[in-house]
2 protein chains.
Amino acid sequence: MLSFTEENYLKAIVQHTLFDGISDEVGVNQLASTLNVKPATASDMVRRLKKKELVHYERYGKVSLTKQGQRLGMLVIRRHRLWETFLYSTLNFSWDEVHEVAEELEHVHSGKLMDRLDEFLGYPEFDPHGEAIPNCEGEIKIPFRMTVSEMSVGKPCKVIAVRDESVDFLRYLDRIGLAIGATVVVVHREEYDELTTLRIGEKDTVVSPKLTSNVYVVCGSCGKTKCSC
Amino acid sequence: MLSFTEENYLKAIVQHTLFDGISDEVGVNQLASTLNVKPATASDMVRRLKKKELVHYERYGKVSLTKQGQRLGMLVIRRHRLWETFLYSTLNFSWDEVHEVAEELEHVHSGKLMDRLDEFLGYPEFDPHGEAIPNCEGEIKIPFRMTVSEMSVGKPCKVIAVRDESVDFLRYLDRIGLAIGATVVVVHREEYDELTTLRIGEKDTVVSPKLTSNVYVVCGSCGKTKCSC
DNA sequence: TATAAAAGTTAGATTAGTCTAACAATAATG
DNA sequence: CATTATTGTTAGACTAATCTAACTTTTATA
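Criteria and cut-off values
Residues numbered from 1 in each chain as written. Chains lettered and ligands numbered in written order. Predicted model: local features only at pLDDT ≥ 70, side-chain atom pairs only at ≥ 80, totals over all residues. Heavy atoms only, no water. Near = heavy atom within 4 Å. Polar contact = N/O pair within 3.5 Å; in protein donor to acceptor, adjacent residues only side chain to side chain. Helix = DSSP H or I, 4+ residues; strand = E, 2+ residues; numbered from the N terminus. Nonpolar A, V, L, I, M, F, W, Y, C, P; charged D, E, K, R; others polar. Phe/Tyr/Trp six-rings, centres within 6.5 Å; stacked < 30°, edge-to-face > 60°. Buried < 20%, exposed > 50% of the residue type's maximum accessible area, 1.4 Å probe, protein only. Lys NZ or Arg CZ within 6 Å of the ring centre and 35° of its normal. Axes fitted to C-alpha atoms, helices over the stretch in contact; angles between N-to-C directions. Parallel < 35°, antiparallel > 145°, perpendicular 65-115°, else oblique. Contact = heavy atoms within 4.5 Å. Salt bridge = Lys/Arg side-chain N within 4 Å of Asp/Glu carboxyl O. Least-squares fit on C-alpha atoms with pLDDT ≥ 70 in both.

## Concerning the protein's contact with DNA strand D
As a structural note, the neighbourhood of DNA strand D is formed by 22 residues, with Ser43(A), Tyr57(A), Ser3(B), Thr41(B) and Arg48(B) the closest of them. Restricting the count to atoms of DNA strand D within 4 Å of the protein gives a sugar and phosphate share of 82%. Here a phosphate oxygen of DNA strand D and a backbone polar atom of Tyr60(A) are 3.1 Å apart. Here a phosphate oxygen of DNA strand D sits 2.5 Å away from a polar atom, N or O, in the side chain of Thr41(B). Of all the elements in the fold, those that place two or more residues in the surface near DNA strand D are α2 (28-34) and α3 (39-51) of chain A together with α1 (4-19) and α3 (39-51) of chain B. If one sorts the elements of the surface near DNA strand D by residue count, α3(B) sits on top with 5 residues. By residue class, the composition of the surface near DNA strand D is 10 nonpolar, 7 polar and 5 charged.

## What to know about the packing of aromatic side chains
By the definition in use, this model includes 8 aromatic pairs over all chains. Aromatic pair Phe4(A) and Phe4(B): ring centres 5.5 Å apart, planes at 90°, arrangement edge-to-face. With one member in each of two chains, Phe4(A) in helix α1 (residues 4-19) and Phe4(B) in helix α1 form a pair that bridges those chains. Residue classification places Phe4(A) among the partly exposed positions, given a relative accessible area of 35%. The interplanar angle of 75° and the centroid separation of 5.8 Å between the aromatic rings of Trp83(A) and Trp83(B) together place this pair among those described as edge-to-face. Pair noted here: Trp83(A) is in helix α4 (residues 67-90) and Trp83(B) is in helix α4 (residues 67-89), and the two residues belong to different chains. Exposure class is identical for Trp83(A) and Trp83(B). Each is buried. Three or more aromatic residues joined by ring pairs form one cluster here, namely Trp83(A), Phe86(A), Phe120(A), Trp83(B), Phe86(B) and Phe120(B). The residue whose ring lies beneath Arg145(A) is Tyr216(A), and the NZ or CZ to ring-centre distance is 3.7 Å.

## Things to note about the packing of α1(A) against α3(A)
Residue and element names in this part refer to chain A. Here α1 crosses α3 at 95°, and the two axes come no closer than 11 Å. The angle between α1 and α3 places the two elements in the roughly perpendicular class. Of α3, the residues touching α1 (which contributes Thr5, Glu6, Tyr9 and Ile13) are Thr41, Ala42, Met45 and Leu49. For the contact of α1 with α3, a count of residues per class yields 5 nonpolar, 2 polar and 1 charged.

## Brief notes about unusual backbone geometry
All names here are of chain A. Its identity is not glycine, yet glutamate 53 carries a phi of approximately 60°, on the positive side. Structurally, the position occupied by glutamate 53 is in the loop between α3 and β1 (55-56). Under the relative-accessibility criterion, glutamate 53 is labelled exposed at 61%.

## Describing the pattern of salt bridges
Scanning all chains against the criterion turns up 28 salt bridges over all chains. A salt bridge links Asp20(B) to Arg163(B), with the nearest nitrogen and oxygen atoms 4.0 Å apart. Of this pair, Asp20(B) sits in the loop between α1 and α2 (28-34) while Arg163(B) sits in the loop between β4 (156-162) and α7 (167-176); the two residues are 143 residues apart in sequence, bridging distant segments of the chain. By relative accessible area, Asp20(B) is classed as partly exposed at 33%. Between Arg171(B) and Asp96(B) there is a salt bridge, and its shortest N-O distance comes to 3.1 Å. Note that Arg171(B) is positioned in helix α7 and Asp96(B) in the loop between α4 and α5 (98-105), a separation of 75 residues in sequence. Residue Arg171(B) is classed as partly exposed on the basis of its relative accessible area of 45%. With a relative accessible area of 7%, Asp96(B) lands in the buried category. Connected through shared salt-bridge partners, Lys11(A), Glu103(A) and Glu106(A) make up one network.

## Some remarks on the side chain of Thr85(B)
Counting through the fold element by element, Thr85(B) comes out in helix α4. Here Thr85(B) is in contact with Thr90(B), Leu121(B), Pro124(B), Phe126(B), Asp127(B), Pro128(B) and Ile133(B), once residues within four sequence places are set aside.

## A look at the relation of the copies chain B and chain A
At an RMSD of 0.1 Å, chain B and chain A line up after a rotation of 180° and a shift of 0.0 Å along the axis. Such values leave the two copies arranged in the relation of a two-fold axis. Looking at the rotation axis and the C-alpha trace of chain B, the residue lying nearest is Leu105(B), at 3.6 Å. The overlap is high: 100% of the interface residues of chain B also sit at the interface in chain A, so the same surface is used on both sides.

Structure below.
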């Protein structure tokens, strides 16, 4: 049985290698900073995960997941996302409240519980932030996704998910009317300071690259990520 | 914020002092044995709980709860019993499966979550074992209860709760048809070996004092614990 | 009431997870 | 390519929760 800490490390490694996927490996310092621990701590822990055959790792090298490590990490994420969905759809939490509570619920180790909850929720495909929910084997289809920052000017597109789950970010989106399913158009992109003017509904809002790079969209006409509309 | 361990100690002290209530204090060894730790461990821990002002305690003395300790212990029990009810009524777990999972869920610290869950469940008064659920202040009406072992011969009575939540015990009850709400009659009580013959529905079953002392009942005619029917 | 049994404590060790401070290896850059 | 910056490691210390082994206090009983 994995400890909370071990599960959090695996989850963080999945995020860096599978999801934010520039590379399938991650550095110890990077890991330390996502987990809010000092590099020394992460360095120790990575060696412990290696001994348990959950990660591949060599001294001064990068960290990547073994088959088993990936499976277990994905199951933590499955639990997290199913609980978020439950809190949002069944208990009427708002989308900025669910993450924090799910951080605790995700460590409850009962496969049966998660399968029953999944059934109760009607086998949802996505959590309240639009992220896909892994199946009970820890498998998931990771779609190639586009952010608003990569979207060409004038082309309507539809919001399908958000990457950042922080309360501040999600409340900000609520304020400017940006929700999952909303249609947005990049009205203007200022090269000088990278600010983007976004049309959401009827209203134009100027947003930062920090925002645009955290909102995933598909083409508004064909619904695909890569299209020629 | 309390640790899992601290919460488990408080819960155990509540069980011994408030619920199994012969006395409002409990010994260190007794505590150690319910928590499956060595006396030395419990002795240390009790001193830590005292420093946090959760228990009253003096060297070589007994342990009892402070106001705060009792409140926090009762809230753990509230969470446990609400989750049990959720697992049983919403996710269709059987009554012998709920306890184990609830042991993990009870440590999720979110008052809002519990209040919303309570609302979702329709403010249940009792968990699947017939035990009362404390309110969000940690308060509860502890009824004076009678067990089958105290019931007089020939008098029909109704099962309202069970004390033991172990899988073995609950499956045994299922097998002999003894459920919450069932009517039972003590047909015969053998003084020599304390075995009791119980009529459950149409069938007579011989049971031990271990069983009879773990099943709570009320009078079958008037529904009260103390009656003159 | 003296002694044995039960209950409880203390000292010293262990493991998981964390830290700081000093050091070492690798990568980036003038 | 030498120097600096970044990244990662090691050593030593700390806390929470546990253990064993030896010891002490309280309680029960012969």
